[in-house]
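Each chain, letter by letter, is given below.
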Amino acid sequence: MLESHPAEVAAPLLNALQAELAERATLGLLRQRRVLHGMQGVHVEVDGKRLLSFCSNDYLGLAAHPALISAMQQSAAVAGAGTGASHLVTGHQDAHEALEHTLQAFMRMPGILLFTTGYMANLGIITALCEREDAIFADKLNHASLNDAALLSRAELKRYAHNDLASLERMLAHSTARRKLVVADAVFSMDGDLAPVPELLRLCERYDAYLMLDDAHGFGVLGKTGRGVLEHFAIDSPRIIYMATLGKAAGAAGAFVAGPKTVTDYLMQTARPYIYTTASPAPVAAAAMAGVQLIQQDDARRAHLHAMIHEFRQSCQLRRWQLMTSDTAIQPIIIGSNDDALHISKCLLKSGILVPAIRPPTVPKGTARLRVSLSAAHCSADIQQLMAVLHRLEAV
Ligand SMILES: *Cc1c(COP(=O)(O)O)cnc(C)c1O
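Residues numbered from 1 in each chain as written. Predicted model: local features only at pLDDT ≥ 70, side-chain atom pairs only at ≥ 80, totals over all residues. Heavy atoms only, no water.

Student: Lay out the overall build of the protein with the relevant residues and their values.
Tutor: Looking only at helices and strands, the protein has 15 helices and 15 strands in total. Expected size for 396 residues packed as a compact globule is a radius of gyration near 21 Å; at 22 Å, the protein falls within 12% of this value. In terms of principal-axis extent, the alpha carbons of the protein reach across some 65 × 60 × 55 Å. Burial analysis of the protein (396 residues in total) assigns 52% to the buried set. On the protein, roughly 18700 Å² of surface is accessible, and the fraction owed to carbon and sulfur atoms is 55%. Taking the 36 positively charged and 37 negatively charged side chains of the protein as two groups, their mean positions are separated by 4 Å. (Helix = DSSP H or I, 4+ residues; strand = E, 2+ residues; numbered from the N terminus. Rg over C-alpha atoms; globule rule 2.2 N^0.38 Å. Buried < 20%, exposed > 50% of the residue type's maximum accessible area, 1.4 Å probe, protein only. Areas by Shrake-Rupley, 256 points an atom, 1.4 Å probe, with all protein chains shown as cover. Lys, Arg positive; Asp, Glu negative; His and termini not counted. Charge placed at Lys NZ, Arg CZ, Asp CG, Glu CD.)

Dropping the structure here:
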């Protein structure tokens, strides 16, 4: 017989959670969601206010593109809303198959495997390839999903200082692990800089390691035809396991792994986040395919994004705050203290501009920043509007 009512049994837990939430609130770390009305874009209606947004990862402005919307509608009409099963049961529909073929032709890589999200792809790849007797060498600024995956795999996790090849080489040279996997964001999500991919690959060759690249922010943006970081550096190797997401530049949702066919065949059999989840809806795959086709066919969008990046960097002449070195759509401005970064973000909001303040622990202490992200949907006037307010705030 239960000695106390279930609500009372739970009370210590609820009290502990309450206390932690209160502590976060005191530290100004409580995060709040905003409600977006209507479509994603650079002009959004958030909590009832029209704002100019520099927040989204919709780098090519495809999230609300008519081609993606119509692909989604048409697919829903023939394939339905839900898949009802995992890929390995009966959830793998024509739309998924077609998207994998499109990606295979575009990426020119023999193996392609879709995942429902980038987070799940990272968990799936790393836990399938690495076990207790293996070692993972990860850049300190890697995305949280890669770190979570490494911990879940139970392999030894060695983190090297950001882009520090000498430190990585020392770790590789000392390792006696069965398998060695070097893991890096191709474009770092809070800094916007690139991993030195050719040098990482050379180290992998020298120490018989494999290289996993997370190109969430490079796919569609980097490379002459938008194939991402591998095209940018003109490299190709059977040692590379490439992963990119379809919810950023591609405008939809989902992710894929590309690499040797043996790797993707193996992942299909063993990656638990692939096997034990319902396949994502066919209309999502259809929209992603329309997004990938636009990436392939419409170089003008990518060219305009790069023109916006150039214009932003040219007109961002700050004295107190430091614009970081980045050639990608992610353009962070280091402010320093948490309070200052928050204050500036709030002032921008009052002027109708949405730029997120990123604070520790997401970034190192003392480097709180504004994370400006640019899109092909921005125009010159948008950039000038942001710069005018930033320059005015800096002069205060
Ligand atoms: C967004 C992101 C992911 C996660 O992808 P989702 O599809 O949003 O789950 C993984 N890695 C990096 C570097 C990202 O920026």
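Let's pick the thread back up.
Student: Outline a nonpolar patch on the surface, listing residues and values.
Tutor: A grouping of Leu13, Leu14 and Leu17 is seen on the molecular surface, where their side chains present a nonpolar patch of about 290 Å² in accessible area. Within the secondary structure, Leu14 is located in helix α1 (residues 6–26). (Patch = residues over 30% accessible without salt bridge, like charges linked within 9 Å, V, L, I, M, F, W, Y side chains within 5 Å. Salt bridge = Lys/Arg side-chain N within 4 Å of Asp/Glu carboxyl O.)

Student: Please set out the pattern of salt bridges residue by residue, giving values where relevant.
Tutor: Counting across every chain of the model gives 11 salt bridges. For Asp134, the salt bridge identified is with Arg178, shortest N-O distance 2.8 Å. Taken together, the residues span a long stretch of sequence, with Asp134 in the loop between α5 (118–129) and β5 (135–139) and Arg178 in the loop between α7 (165–174) and β7 (180–185) at a distance of 44 residues. The class of Arg178 is partly exposed, set by a relative accessible area of 44%. In this structure, Glu394 and Arg319 form a salt bridge, with 3.9 Å as the shortest nitrogen-oxygen distance. Of this pair, Glu394 sits in helix α15 (residues 380–395) while Arg319 sits in the loop between α13 (299–315) and β11 (322–323), and the two are 75 residues apart along the sequence. In this structure Glu394 comes out as buried when scored by relative accessible area, which is 3%.

Student: Could you give me a rundown of the site of the ligand, with the residues and numbers involved?
Tutor: Contacts to the ligand come from Thr117, Gly118, Tyr119, Asn122, His143, Ser145, Asp185, Asp214, Ala216, His217, Thr245 and Lys248. A distance of 2.9 Å is found between an oxygen atom of the ligand and a backbone nitrogen or oxygen belonging to Tyr119. Separating a nitrogen atom of the ligand from a side-chain N or O atom of Asp214 is a distance of 2.5 Å. For the ligand, whose accessible area on its own is 380 Å², the fraction buried by protein is 82%. Among the elements that line the shell around the ligand, the one with the most residues is α5, at 3 residues. (Near = heavy atom within 4 Å. Polar contact = N/O pair within 3.5 Å; in protein donor to acceptor, adjacent residues only side chain to side chain.)

Student: Please provide a residue-by-residue account of the UniProt feature "binding site: substrate" (unreviewed entry) in the protein, values included.
Tutor: Listed under "binding site: substrate" (unreviewed entry) in the UniProt record, and renumbered for this structure, are Arg31, His143 and Thr362. Mapping Arg31 onto the fold places it in the loop between α1 and β1 (36–37). Turning to its location among the elements, Thr362 is positioned in the loop between β14 (357–358) and β15 (368–373). (UniProt positions renumbered as here; feature names shortened; annotations may be inferred.)

Student: Report on the UniProt feature "modified residue: N6-(pyridoxal phosphate)lysine" (unreviewed entry) in the protein, specifying residues and quantitative values.
Tutor: Under the present numbering, the feature "modified residue: N6-(pyridoxal phosphate)lysine" (unreviewed entry) in UniProt falls on Lys248. As for its placement among the helices and strands, Lys248 is situated in the loop between β9 (240–245) and β10 (255–259).

Student: Break down the packing of aromatic side chains for me, with residues and values.
Tutor: A ring pair, where both rings are aromatic, is described by two values, the distance of the centres and the angle of the planes. The full count for this structure, using the stated rule, is 4 aromatic pairs. Arranged with centres 6.0 Å apart and planes meeting at 70°, the rings of Phe106 and Phe219 form a pair that is edge-to-face. Of the two residues, Phe106 is situated in helix α4 (residues 94–107) and Phe219 in the loop between β8 (210–214) and α9 (229–232); the sequence distance between them amounts to 113 residues. For the residue pair Phe106 and Phe219, the accessibility class agrees, reading buried in each case. Ring centres of Phe115 and Tyr274 lie 5.5 Å apart, and the angle between their planes is 70°; on these two criteria the pair is classed as edge-to-face. One end of the pair, Phe115, is in strand β4 (residues 111–115); the other, Tyr274, is in helix α11 (residues 272–275), and 159 residues separate them in sequence. There is no split in this pair, since Phe115 and Tyr274 are both buried. (Phe/Tyr/Trp six-rings, centres within 6.5 Å; stacked < 30°, edge-to-face > 60°.)

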